[in-house]
2 protein chains.
Amino acid sequence: MGATKTELFTRQQNELAAMAKAIAHPARIAILQYLVKKNACVCGDIVEELGLAQATTSQHLKELKNAGIIQGNIDGVSVCYCIEPKAWKQYKELFTAFFKDVDLKGSCC
Amino acid sequence: MGATKTELFTRQQNELAAMAKAIAHPARIAILQYLVKKNACVCGDIVEELGLAQATTSQHLKELKNAGIIQGNIDGVSVCYCIEPKAWKQYKELFTAFFKDVDLKGSCC
DNA sequence: AACATTAATCGTAATATTGCGATACATATG
DNA sequence: CATATGTATCGCAATATTACGATTAATGTT
């Protein structure tokens, strides 16, 4: 035990959960907000921006890359990161769909 | 080490991360979808619906309650759960704001 | 009161995440 | 080629999460 029983759930549920997990850490939220704010390829200064150790930052960047939501391009010695527009759009759409309006008035006892 | 360094991030970043964490498990997604689908107070049949052990299901329900997104009302022997409309609306708004449109065309190198 | 039913909590095991120092690796630059 | 720079990976420790059986607690039924 200890591992999530993914086989009990639909692919859609597992995917949305995985997407939520990707942004379920303040450092990863901060990275994404920084990239969005810059609205450009950001080369090199994410470690100083975050305040976490270089190794830790690299790990968070890796998770965001694995989730597909950011992209890293090698530029000489450094690596430039930016939002992956298609994935960003998909995240936006799926979360919006999940939280779509429901008639919640008086649904509780 | 091992614990998130929340002091490095803004309150907003920590809160959004916590909200994402609340839905970062397929069982919790499934519970929320079920409650939304029923659009009513659901009494008692969440355990059978999920397929996880009763103790595990109860734990996930507790997390959703702690996150404020669901509500549990005692009704005799059983407990009735429903979406907490205000929190649901806030989740919707904050996630929407986070994923708001940005000019992402050509932002990458 | 005795028993049944339902949910929460406890205790524990397995696994995952977070964080960092040390090291390896890749590409510039002198 | 030697060295500097920026990033990824390794190995480890601390903490958190997931899952479940067993137990407890609370209410309803006979």
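Definitions and cut-offs
- Numbering of residues starts from 1 in every chain and runs along the sequence as written.
- To read the labels, note that chains go from A and ligands from 1, taken in the order they are written.
- Given that the model is predicted, a residue must reach a pLDDT of at least 70 before its local features are reported, and side-chain atom pairs must reach 80 or more before they are shown or counted; all residues, however, enter totals for whole chains, interfaces and linings.
- Any residue whose C-beta atom, as placed from the backbone, lies within 6 Å of a molecule or strand is termed near it.
- Segments assigned H or I by DSSP are reported as helices when at least four residues long, segments assigned E as strands when at least two residues long, and all are numbered from the N terminus.
- When residues are sorted by character, Ala, Val, Leu, Ile, Met, Phe, Trp, Tyr, Cys and Pro go into the nonpolar class, Asp, Glu, Lys and Arg into the charged class, and all the rest, Gly among them, into the polar class.
- Here the contact rule is simple: place C-beta atoms from the backbone, and any two residues whose C-beta atoms are within 7 Å are in contact.
- At least two bridges found by DSSP between two strands are what make those strands a pair.
- Each axis is a line fitted through C-alpha atoms, and for a helix only the stretch in contact is used; angles between axes span 0 to 180 degrees, taken between their N-to-C directions.
- Joined through C-beta atoms within 7 Å, a set of buried Ala, Val, Leu, Ile, Met, Phe, Trp, Tyr and Cys residues constitutes a nonpolar core.
- Put simply, a residue is buried when 20 or more other C-beta atoms lie within 10 Å of its own C-beta and exposed when 12 or fewer do; between those, it is partly exposed, and each C-beta is set from the backbone.
- We place the copies in one frame by least squares, fitting the C-alpha atoms of every residue whose pLDDT is at least 70 in both.
- Take the residue count of a helix, subtract one, and multiply by 1.5 Å to get its expected span.

DNA strand C sits among 29 residues. The nearest are G2, A53 and A55 of chain A together with G44 and A55 of chain B. In terms of residue count, helix α4 (residues 54-66) of chain B provides more of the surface near DNA strand C than any other element does, 6 residues in total. Tallied by class, residues from the surface near DNA strand C come to 13 nonpolar, 13 polar and 3 charged.

In this section: the protein's contact with DNA strand D. The environment of DNA strand D is made up of 30 residues, and the closest members are A55 and S78 of chain A together with G2, A55 and G76 of chain B. Of all the secondary structure elements, the ones that give two or more residues to the surface near DNA strand D are α4 (54-66) and β3 (78-83) of chain A together with α4 of chain B. Here the surface near DNA strand D gets 6 residues from one element, more than from any other, and that element is α4 of chain A. Residue composition of the surface near DNA strand D, grouped by class: 14 nonpolar, 13 polar and 3 charged.

In many analyses, interface size is given as the accessible surface area lost on bringing the parts together. If you look at the interface, chain A gives 44 residues, while chain B gives 44 residues. Elements that contribute at least two residues to the side of chain A that touches chain B include exactly α1 (11-22), α2 (26-38), β2 (70-75), β3 and α5 (85-98) of chain A. Among the residues making up the side of chain A that touches chain B, the classes are represented as 27 nonpolar, 11 polar and 6 charged.

So, about the sheet that holds β3 of chain A. Residues and elements named next belong to chain A. Read across the sheet, 3 strands follow the order β1-β3-β2 without closing on themselves; strand pairing throughout is antiparallel. Lying at the two open borders of the sheet, with one neighbouring strand each, are β1 (42-43) and β2. α2 rests against β1, β2 and β3 of the sheet, and its axis sits at about 85° to β3.

This part takes up the nonpolar core. The nonpolar side chains of a soluble globular protein tend to be buried, and buried together. Counting residues in each nonpolar core, the largest one holds 56 residues, and the members touching the most others are A20, I31 and L35 of chain A together with A20, I31 and L35 of chain B. In this structure I31 of chain B touches I46, L50, H60, L61 and L64 of chain B, once residues within four positions along its chain are discounted.

Its rotation angle being 180°, the transformation that places chain A on chain B also includes 0.0 Å of axial translation and leaves an RMSD of 0.0 Å. Classification of the inter-copy transformation places it as that of a two-fold axis. If distances are taken from each C-alpha of chain A to the rotation axis, the shortest is found for A20 of chain A, at 2.6 Å. Taken together, the interface assignments show that 98% of the residues at the interface of chain A recur at the interface of chain B, consistent with an identical surface on both copies.

For the rest of this paragraph, the subject is α4 of chain A. The terminal C-alpha atoms of α4 of chain A, which comprises 13 residues, lie 18 Å apart, in line with the 18 Å expected from a rise of 1.5 Å per residue. Just past α4 of chain A, the residue G68 of chain A takes up positive phi, approximately 85°.

This paragraph deals with the sheet that holds strand β2 (residues 70-75) of chain B. Residues and elements named next belong to chain B. The antiparallel open sheet is built from 3 strands, whose spatial order is β1-β3-β2. Among the strands making up the open sheet, the edge pair consists of β1 (42-43) and β2. Of the strand pairs in this sheet, β1 and strand β3 (residues 78-83) are connected by 2 bridges, and their pairing is antiparallel. In the sheet register, C43 faces β3, and the bridge partner there is C80. Where helix α2 (residues 26-38) meets the sheet, it contacts β1, β2 and β3, and its direction lies at approximately 85° from that of β3.

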